[in-house]
Each structure stands twice: as structure tokens, then as C-alpha cells.
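These are the residues of each chain, in order.
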Amino acid sequence: MKIEGIKNIVMVFLVAIGFVSCDDFLDRPTEDTYTIDSFYQNDDQLFQSVNPIYNSPWYDFQRGFMRIGEVMAGNLVFDGADGYTNFTLNSSDEQIANVSASLWAVNAYCNGVIQNVDLKSGASVTRKAKNTVKGEAMVWKAMSYFYLVRCFGAVPIIHDNATTIANNASATLKRNKIEDVYKYITLILKDAIKLLPEDNMTGRIDKYSAYGLLAKVYLTKSGYGMSGTRNESDLSEAAKYAKIVIEKSGRNLHPVYEEIFQLKGNFLDESLLAWHWTVGEQWTSQNSLQSDLSLSNFSDAVGSWGNYVYPTIDLQAAFGESADKLTRNYYDVRRKASMMMVGDTYDYFWTDKGGFTYNWDSSSDGIYGGSISFVSGTGANCAKHIVGRLADAKAQGYETLDGMHTPLSTHLLRLSDVYLIYAEAVLGNESATNDASALLAFNAVRARAQKGNHKDVTSVSFDDIYDERRLEFAFEGDRWYDLVRLHYYKPEMAKSIIVVQERGTWLGLDNFYLHNDNSGLDIQSHKVTGLTDEDFTIPFPEVDLSLNPGLMDDPISFDFGSIGYN
């Protein structure tokens, strides 16, 4: 967290970025000729001020989003020797610095928008626009703090950047207690709910986005400070807010799971909160995950180098799959939508070539002419976060891909998450539940995933829900935070899940896939050792510590009265 850099962050975001970046998905004009005092003069300008929070300040979080959310969780490997796979992270890690800077930039931007809506809005601006824009900024602010507290633990609560700067306090901020950070998030979201409309423009945050996130926050905080069980009041709140979304939002699960992660799924009703990216001249407005995750040369328009980024053996096993088999079971549609394995075919990739087959043929006389190298150590590569070739984008209504730029939305909170939050909150501290509404939510998620293979369950346990979450949200940057919240109240259980995960690679895959020779097949095992409770908190980056050594001090209580909260 570049605390000293907050001065620069807030000035840039208040004066510049709000006026030079506007997302295509919002269909709002960009302006570059305004000063801060002449902007905010009509509803369009108000919405334009909040548009960039849907992408640009989050950009540098993307790699950390995957490394923390998926690699640490045991779903993905970027580099078998890195600190995320092996829990040897330290403060010098570049991505930790990027994560911190990005999350604090989001908070600074949101604070600026909230302040300027009140101070700078012209007479023609409607109350609805003011409330909606402030509500959207509040939800994004809450989301940034939700990531901060689950990554770094106790962090400073910066409610107003301008006041922090005026008090010359940016280099002396103290961390606030974790329980206070969670309280702050819930208060911000409750304020947002009062302001947001039930229906907003396509792709934008609405009241139910805030309700859904609030449910997730309550479920997460229900275990903090507890031992063995969770706070019943928090669980009740999580169930209450999730139920509001389920019963009143009018949203439904999208029937075709894999479409959620294609360009056609950018603005589905199922998505309650998402980063919406665009391909344009401004760096940071784009989704760059395809470059890191997809097979090298997978696209004719987007650079990619993800040959050696691969799903773990452990995650494949969770889906009931294994790379030492030549046939796939296709029992659960989420597996193929999340990862490519030998034998998989995709009609939405390489549409100008008749589709893409993951066939492990890297030869020059193969169907890909040697342009694709199949070298994954686990016999799989990522399928989510991938657009593919330019023809694939055009087939779904998008005309441009470029360099490290795709316009594929990154879904952060989906309706299926709210369904599983509800089921888990109703289950609470019991070993299992047969509550009809909890079963209805749980079975709905499974039914979409398993299609004709599905049979409704009549009782559901914590393990059932926890395992389902891993499959439903594979590679969506969320699994690590499930482990963090489990560690809050059952630390030994959380550690035991990690230490048994197979994070290694297969030997002999080439001979097996190309020559049907399995004699050399063997797992080169790699498992986490020496895991400690401290490993569930990301260390502050060294740049933050050098600028504000007080971050190492014991956290203090936050004075909620100072910002008008009891």
C-alpha cells in the first residue's frame, strides 16, 4: 500500500482519470476539456466520473487476483518454485506491491467520486444520478476493502483521502483492527443500498449487487475471532441478505455455464459485480489475463505466453478427472469450461478454423502446424478468461483485440455465489441441513453444472457446499478467500486442506498422449510443507513499510464516531 503515494493517487483520480476514460459498455461520452470545478454539471458527467472504477484502477490487481486467489489456493500453478505455490512470499514480491497499490487506488478514486458528487454537482444534476453514482462508488470501495482485509489483515481505514492529506497523515497511518474493517465494509454497503436503484443501466451496480456483496461479507466475518463455530448473528445476516437477492432481484442462473465466461456473457443478469474491460488507447482499461493464461500463439491478435501456467492435478481430481486417462468423463460441464484437457473440443475458440481441439499435437505436420505447443506439466491449460482469436471476438459482436487487450468481463460476484452463500449461512454451525430453501439453492447450482447427471440431494453438509464452491468458481480469483475465512475459525482444517494438495506435475505425458505409452507416467509430487497460521496473511510490500513503518505496529480501534457512524 503506497500510503505516501495516496497524495498523488487522489489528485490524479480526482482531476484526470474521471475525465479521460469511459467504458464502451456504459455508452457514455468521454471528455478531456473540463476542470474539476466545471465537471459534474449533468447526469452524464456524473456517470462518466464513476465509469473508470469498473476497470482502470483495478488493472494492476489482475495478476495478483490469480496468484493469490488461485495459485495459493492450490488450483493453478504459474511457477512451481514461486512464493505463491510454496507459501514463501516476502515483502519484495512485485505482485504484492501491485495488488496493494491497485486496491488503495480504487479506494482513493471512490472517495474522490463520493466527495465530488456532494461538492461539485451542478444544479441540473438529478438526485437519482447523485445517489446512483455515490452508491456505485461505495460498492467498489467496499469491494476494495474486502480484498484488502482478506489479503493483508488489519489495514488503515481511509474514509476521506482529502482529510488524510490535509492532516499530513498519509505516512503515519495506523492499521485498524480486522473486526473494525469488516464493520466499516458493512456500514458502507448499507449506505450504498439506501442510494442505489433496484434496476440500473446494463452492466452497472444496482441495489442487489450491494445486497449480494453484503451477504458475502457477513458470511466471511462470521468466523473471525471465533473458534470452531461461527457467529450466529452474522450467519443470520448473511442468509437474510442473500435471500433478498434470490427472491427479489428477478435474476436467474444463466442456463449455459460456459457462456458466462465468453464475450456474450459480459453483461448477463447472473453477474452482480464485474470488472468491465475495453480495448482502446488507454492502457489499464483492458483485460490482460488471456496473455498470462492462454496457450502461447493461441490468438492471432492477443499476445500470450501461458504454456507453463496450468491447472493443478489436485483441481483436476476435484472434478473427477486425471491427465493419465485418454478419455474425459464430462460429468460436470464446469470442468471443460474452466480447463482444457486432451480430447476437449471448443466451438467458440478458433471459429474461423472450425473450432479448437486440445489434442497435444505440437508437430509441424499437425493440424496447428507447430504453432501450438502442448507442454503443460499437468496435461491441462486454462479455458476461463480466454477470448481466443479475433474471429472468435467478432463472432460474439466485438471487433477489436490487441496486444494484451481483450474486452472480456471479469465476474467478481455471481448469482450462483449468492445461492451457495445462502445455503451455507442457513446450514450455519450444524453438521448438515435439510432446509428446503437451502437445498433448492444448492441443487440449482449443481443441476446447471451436471445437466442430465444431476439428482437433487436431500441433505447438504459444509463439505458439500465448500467443495461445490471450488468447482463453481474455479479460476475466478475466489478460492483462496474461502480458505482464509475457514482459517478464521478452523485454522487446522484450513491448513490440512492445503498440505494434502498435489501441486506437482506429471512425467511421461508426451509418450502417453502421442504414442499411447503409459510406462513412463508418474507424478513428480510437490506439496506444501511448513505451513503456518501467518501464511494466511499476505505481507505488506516493502515500499509500503519503508514509507510508513507504523504498518508494523499493533492495530488500533477505529473511531467510527469521527465519520458519523455509531
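Criteria and thresholds
Residues numbered from 1 in each chain as written. Predicted model: local features only at pLDDT ≥ 70, side-chain atom pairs only at ≥ 80, totals over all residues. Heavy atoms only, no water. Helix = DSSP H or I, 4+ residues; strand = E, 2+ residues; numbered from the N terminus. Rg over C-alpha atoms; globule rule 2.2 N^0.38 Å. Buried < 20%, exposed > 50% of the residue type's maximum accessible area, 1.4 Å probe, protein only. Contact = heavy atoms within 4.5 Å. Areas by Shrake-Rupley, 256 points an atom, 1.4 Å probe, with all protein chains shown as cover. Lys, Arg positive; Asp, Glu negative; His and termini not counted. Charge placed at Lys NZ, Arg CZ, Asp CG, Glu CD. Disulfide = S-S within 2.5 Å. Core = buried A, V, L, I, M, F, W, Y, C linked by side-chain atoms within 4.5 Å. Pairing = 2+ DSSP bridges. Phe/Tyr/Trp six-rings, centres within 6.5 Å; stacked < 30°, edge-to-face > 60°. Polar contact = N/O pair within 3.5 Å; in protein donor to acceptor, adjacent residues only side chain to side chain. Expected span 1.5 Å × (residues − 1). Salt bridge = Lys/Arg side-chain N within 4 Å of Asp/Glu carboxyl O. pLDDT = per-residue confidence, 0-100. Axes fitted to C-alpha atoms, helices over the stretch in contact; angles between N-to-C directions. Parallel < 35°, antiparallel > 145°, perpendicular 65-115°, else oblique. Left-handed = near helix turned anticlockwise from the far one by under 90°. Nonpolar A, V, L, I, M, F, W, Y, C, P; charged D, E, K, R; others polar.

**Q** Would you mind showing me how to read the overall build of the protein chain here?
**A** Across its full length, the protein chain carries 21 helices and twelve strands. Taken over the C-alpha trace, the protein chain has a radius of gyration of 23 Å; the compact-globule value for 566 residues is 24 Å, and the two agree within 12%. For the C-alpha atoms alone, the extent of the protein chain along its principal axes is close to 70 × 55 × 50 Å. By residue count, 61% of the 566 residues in the protein chain fall in the buried class. Within the protein chain, contacts between residues at least 6 apart in sequence are counted, and of these 72% link residues at least 24 apart. Surface accessibility of the protein chain: about 20,700 Å² in total, with carbon and sulfur atoms responsible for 48%. The distance from the centre of the 50 positive side-chain charges to the centre of the 73 negative ones in the protein chain is 5 Å.

**Q** Can you walk me through the state of the cysteines in this structure?
**A** On inspection of all chains with the given rule, the structure shows zero disulfides. Here Cys151 is not cross-linked by a disulfide; its sulfur's nearest cysteine counterpart is in Cys110, at 17 Å.

**Q** When you look at the nonpolar core in this model, what are you seeing that I'm missing?
**A** In globular proteins that are soluble, nonpolar side chains generally tend to be buried together. Residues Trp58, Trp140, Phe356 and Trp480 are the most contacted members of the largest nonpolar core, which totals 159 residues. For this core, the element with the highest residue contribution is helix H6 (residues 127-152), accounting for 15 residues. Residues contacting Trp140, with those up to four places away along its chain left out, are Ile53, Tyr54, Trp58, Val106, Cys110, Ile205, Leu273, Ala274, Trp275 and Leu412. Listed in part, the six residues of the second largest apolar core include Leu263, Ala393, Leu401 and Leu408.

**Q** Can you help me understand the pairing of strand S8 (residues 410-414) in this one?
**A** In the case of a regular strand, side chains alternate between the two sheet surfaces. Of all five residues making up S8, five are buried, and the element is well covered by its neighbours. Pairing between strand S2 (residues 271-275) and S8: four bridges, direction antiparallel. Counterpart to Ser271 in the pairing with S8 is Arg414.

**Q** Explain unusual backbone geometry to me, please; I cannot follow it from the model alone.
**A** Trans peptide bonds make up most of the peptide bonds, and negative phi angles are found at most residues other than glycine. With a phi close to 60°, Phe87 is a non-glycine residue in the positive phi region. Position of Phe87 relative to the elements: it lies in the loop between helix H4 (83-86) and helix H5 (94-120). A positive phi angle is found at His385, which is not glycine, with a value near 70°. Take His385: it is sitting in the loop between strand S7 (380-382) and helix H14 (390-395). With relative accessibility at 8%, the residue His385 sits in the buried group.

**Q** So what exactly am I meant to see when it comes to the packing of aromatic side chains here?
**A** Two aromatic rings are characterised by how far apart their centres lie and by the angle between their planes. Under the criterion given, the structure shown has 43 aromatic pairs. Judged by centre distance (6.5 Å) and plane angle (80°), the rings of Tyr59 and Trp277 are edge-to-face. Taken as a pair, Tyr59 in the loop between helix H2 (43-50) and helix H3 (62-71) and Trp277 in the loop between S2 and helix H11 (289-293) lie far apart in primary sequence, 218 residues in all. Across the pair, exposure class does not vary: Tyr59 and Trp277 are buried alike. Where Phe152 meets Phe540, the ring centres are 5.5 Å apart and the plane angle is 5°; that geometry is what we call stacked. Remark: Phe540 occurs in the loop between strand S12 (522-524) and helix H21 (542-547) and Phe152 occurs in helix H6; sequence separation between them is 388 residues.

**Q** What is the right way to read the environment of Lys141 from this model?
**A** When you line up the elements, Lys141 lands in helix H6. Side chain to side chain, Lys141 and Asn111 meet in a polar contact 2.7 Å long.

**Q** Help me understand helix H10 (residues 232-248), please; the structure alone is not making it clear to me.
**A** Residues lying three or four places apart along an α-helix face the same way, a consequence of the helix completing one turn every 3.6 residues. Counted at 1.5 Å a residue, the expected span for H10 with its 17 residues is 24 Å, and the 24 Å between its end C-alpha atoms agrees. Of the positions making up H10, those classed as buried are Asp234, Leu235, Glu237, Ala238, Ala239, Tyr241, Ala242, Ile244 and Val245. Of the surrounding elements, those touching the buried residues of H10 are helix H8 (178-195), helix H9 (207-221), S2 and helix H15 (415-427). In this structure Asn231 caps H10, since a side-chain oxygen of it lies 2.9 Å from the backbone nitrogen of Ser233.

**Q** For this particular structure, what's the right way to read the pattern of salt bridges?
**A** The tally for this structure, following the rule as stated, stands at 38 salt bridges. Linking Glu472 and Arg414 is a salt bridge whose minimum nitrogen-to-oxygen distance equals 3.1 Å. Taken together, the positions of Glu472 in helix H17 (residues 462-472) and Arg414 in strand S8 put the pair 58 residues apart, joining distant regions of the chain. Arg414 shares its class with Glu472; the two are buried. Ionic contacts of the salt-bridge type, sharing partners, join the residues Glu270, Asp332, Arg334, Lys384, Arg414, Arg446, Arg448, Glu468, Glu472 and Glu476 into one network.

**Q** Where do I start with the confidence of the model for the protein chain in this structure?
**A** Low-pLDDT portions of the prediction should not be read for the details of their coordinates. For the protein chain, mean pLDDT is 92; residues scoring 70 or higher make up 94% of the total. For the stretch residues 1-33, pLDDT sits under 50, and the model shows 95 contacts to residues farther than four places along the chain or on other chains.

**Q** Whenever I open this one, H2 confuses me. Can you help?
**A** For H2, the tally of buried residues reaches six of eight residues, placing the bulk of the element in the interior. Of the residues making up H2, those classed as buried are Gln45, Leu46, Phe47, Gln48, Ser49 and Val50.

**Q** Please clarify how the packing of H6 against H8 should be interpreted in this entry.
**A** Helices that pack against each other are described as a pair by the angle of their axes relative to one another and the distance between those axes. Their axes nearest at 8 Å, the elements H6 and H8 cross at an angle of 160°. The angle between the axes of H6 and H8 places the two elements in the roughly antiparallel class. Seen along the crossing, H6 lies across H8 with a hand that is left-handed. Along the contact surface, H6 presents Asn131, Thr132, Lys134, Gly135, Met138, Val139, Lys141, Ala142, Tyr145, Phe146, Val149 and Arg150, while H8 presents Ile178, Val181, Tyr182, Tyr184, Ile185, Ile188, Leu189, Asp191, Ala192 and Leu195. For the contact of H6 with H8, the residue count by class is 15 nonpolar, three polar and four charged.

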